[in-house]
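# Examination of the molecular architecture
Here is how the chains run, residue by residue.
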Amino acid sequence: MNTFKEIKSLVQHLNSKRLEGKTIGFVPTMGALHNGHLKLIDASVKGNDITVCSIFINPTQFNNPDDLKKYPRTLENDLLELEKAGCDIVFTPEVSEVYLENRIVSFNFGYLEEIMEGKFRPGHFKGVGLVVAKLFNIVKPHRAYFGKKDLQQLVLIQKLAEELNFDIDIKAIETEREASGLAMSSRNERLSAEERREAIFFYKSLQNAKRMLLEGKNIEEVKNVVFWDFQENKHIALEYFEIVDTHSLREVANIQRGDDVSLCIAGYVGKVRLIDNISLF
Ligand code: AMP
């Protein structure tokens with residue numbers, strides 16, 4: 001496995017691989033790798049000649065400075081895991097390598113910045129879009145792998161690739177969960193043992209809402225039940241629970257069997273912010 005910190009040497013290396021006719025799969029991450037990330041790596045290893053993983057804690061996507069400061073950093077272990085998973089290239093740039101000091105470009109993702117994660121994390125998606133576009137231009141992969149766990153991010157990247165004509169196949173990978181149902185997340189490392197048990201409530205609520213919808217309860221009713229359940233839960237502060245079209249992420253007013261509908265949720269367990277989603281059918 002080769003590790004690069006500089007754009008120039010990474011680009012040179014990848015150019016020579018491309019000339020050899022190798023296909024390149026790319027998995028962007030912020031490190032503190034868990035089995036969810038490794039599932040993306042595995043899909044890339046299976047689908048490409050070469051897999052590139054970036055580990056970069058992107059400051060421009062953190063709307064909360066404390067979250068950035070406390071974001072888990074486990075580089076040594078990450079490199080071991082990547083090597084074991086068959087990753088070929090790791091890109092671990094410094095912030096100054098990625099961003100010019102006097103940069104002026106920024107993206108606007110329209111309504112996607114106004115809803116769910118966009119609403120509760122102002123500026124977050126501008127940072128995500130910017131760094132992913134930069135990384136796409138640096139790595140120039142044939143395929144890039146993203147988790148459905150961050151559904152809104154996935155939709156945004158799909159739009160970015162489509163509207164800016166990136167010739168990259170965006171692959172969506174299912175959410176990896178712990179046995180309890182808790183969606184794996186780097187932020188779970190910041191939960192105490194008790195908070196980790198409490199955090200399962202997100203997944204349980206999603207499952208409960210799904211069951212009610214499948215039983216024919218209407219959307220308003222289901223939302224009310226979920227909101228009341230969280231009102232009574234003193235350990236979790238709910239930020240949003242939305243029932244949305246999986247592709248546009250706009251709220252749905254009614255549901256037909258087989259519609260592509262997702263149930264999305266976010267909130268705080270103690271000081272740690274977690275998100276999750278499941279699809280209805
Ligand atoms: P992050 O390091 O949190 O920026 O995540 C890097 C990539 O891993 C993103 O595409 C995430 O959606 C994906 N990811 C994070 N958690 C999971 C999970 N539990 N299952 C599948 N993919 C995940």
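Residues numbered from 1 in each chain as written. Predicted model: local features only at pLDDT ≥ 70, side-chain atom pairs only at ≥ 80, totals over all residues. Heavy atoms only, no water.

Along the backbone of the protein there are 10 helices and nine strands. Here the C-alpha radius of gyration of the protein, 19 Å, is about what a compact globule of 281 residues would show, namely 19 Å. Expressed along its principal axes, the backbone C-alpha trace of the protein runs to roughly 60 × 40 × 40 Å. Every one of the 281 residues in the protein was classed for burial, and the buried ones make up 49%. (Helix = DSSP H or I, 4+ residues; strand = E, 2+ residues; numbered from the N terminus. Rg over C-alpha atoms; globule rule 2.2 N^0.38 Å. Buried < 20%, exposed > 50% of the residue type's maximum accessible area, 1.4 Å probe, protein only.)

Strand order in the open sheet formed by three strands is 7-8-9, and the pairing between neighbours is antiparallel. The open sheet has two edge strands, strand 7 (236–245) and strand 9 (272–279), and neither has a second partner. Mean inter-strand twist for the sheet, computed between neighbouring axes without regard to direction, equals 15°. Bridge count for strand 7 against strand 8 (residues 261–269) is nine bridges, and the pairing is antiparallel. Residue Ile236 lies in a different strand from strand 8, and its bridge partner there is Val269. Across the sheet, helix 10 (residues 219–231) lies against strand 7 and strand 8, angled at about 165° from strand 7, the strand it touches most. (Pairing = 2+ DSSP bridges. Axes fitted to C-alpha atoms, helices over the stretch in contact; angles between N-to-C directions. Contact = heavy atoms within 4.5 Å.)

Right, let's talk about the packing of aromatic side chains for a bit. Summed over all chains, the structure comprises nine aromatic pairs. When the ring of Phe107 is compared with that of Phe109, the centres are 5.8 Å apart and the planes differ by 50°; the resulting orientation is tilted. The class for Phe109 is buried, based on a relative accessible area of 14%. With centroids separated by 5.9 Å and ring planes inclined at 35°, the aromatic side chains of Phe202 and Phe230 adopt a geometry described as tilted. Note that Phe202 is positioned in helix 9 (residues 193–214) and Phe230 in helix 10, a separation of 28 residues in sequence. (Phe/Tyr/Trp six-rings, centres within 6.5 Å; stacked < 30°, edge-to-face > 60°.)

Near the ligand, the surroundings consist of 17 residues, among which Met30, His37, Asp150, Glu176 and Met184 are the closest. His37 places a polar side-chain atom, nitrogen or oxygen, 2.9 Å from an oxygen atom of the ligand. Within the backbone of Glu176, an N or O atom sits 2.8 Å from a nitrogen atom of the ligand. Within the complex, the protein chains bury 93% of what would otherwise be the 480 Å² of accessible surface of the ligand. (Near = heavy atom within 4 Å. Polar contact = N/O pair within 3.5 Å; in protein donor to acceptor, adjacent residues only side chain to side chain. Areas by Shrake-Rupley, 256 points an atom, 1.4 Å probe, with all protein chains shown as cover.)

A word on helix 7 (residues 124–139). With 16 residues, helix 7 ought to run about 22 Å at 1.5 Å a step, and its terminal C-alpha atoms sit 22 Å apart, in line with that. Most of helix 7 sits out of view: 13 of its 16 residues are buried. At the C-terminal side of helix 7, Lys140 shows a positive phi close to 45°. (Expected span 1.5 Å × (residues − 1).)

Let's shift gears to the pattern of salt bridges. Note on pairing: side chains with opposite charge can pair once their charged atoms come close. Scanning the model with the defined rule gives 18 salt bridges in all. The residue Lys46 makes a salt bridge to Asp42 at a minimum N-O spacing of 2.7 Å. In this pair, Lys46 and Asp42 are both assigned in helix 2 (residues 35–47), four residues apart and thus about one turn of the helix distant. On the accessibility criterion, Asp42 (34% relative accessible area) is partly exposed. For Arg177, the salt bridge goes to Asp276, with nearest N and O atoms at 2.9 Å. With a gap of 99 residues between them, Arg177 in the loop between strand 6 (169–173) and helix 9 and Asp276 in strand 9 connect regions that are remote in the sequence. The same class applies to Arg177 and to Asp276, which are both buried. Linked through salt bridges whose partners overlap, the residues forming this network are Asp67, Arg121, Arg187 and Arg190. (Salt bridge = Lys/Arg side-chain N within 4 Å of Asp/Glu carboxyl O.)

One finds Leu10, Val52, Val132, Phe136, Val139, Phe146 and Ile170 to be the most contacted residues of the largest nonpolar core, which totals 44 residues. The element contributing the most residues to this core is helix 7, with 10 residues. Among residues more than four places away in sequence, those in contact with Phe136 are Phe26, Pro141, Ala144, Phe146, Ile157, Phe166, Ile168 and Ile170. Ranked by size, the runner-up nonpolar core spans 26 residues in total, among them Leu182, Ala209, Leu274 and Leu280. (Core = buried A, V, L, I, M, F, W, Y, C linked by side-chain atoms within 4.5 Å.)

A few words now on the pairing of strand 9. Here strand 9 lies mainly inside the structure; seven of its eight residues are buried. Note that strand 8 and strand 9 share eight bridges and pair antiparallel. Its bridge partner lying in strand 9, Leu263 is registered against Ile278. Where strand 8 folds back on strand 9, the antiparallel hairpin that results is connected by two residues, among which Gly270 adopts a positive phi of roughly 60°.

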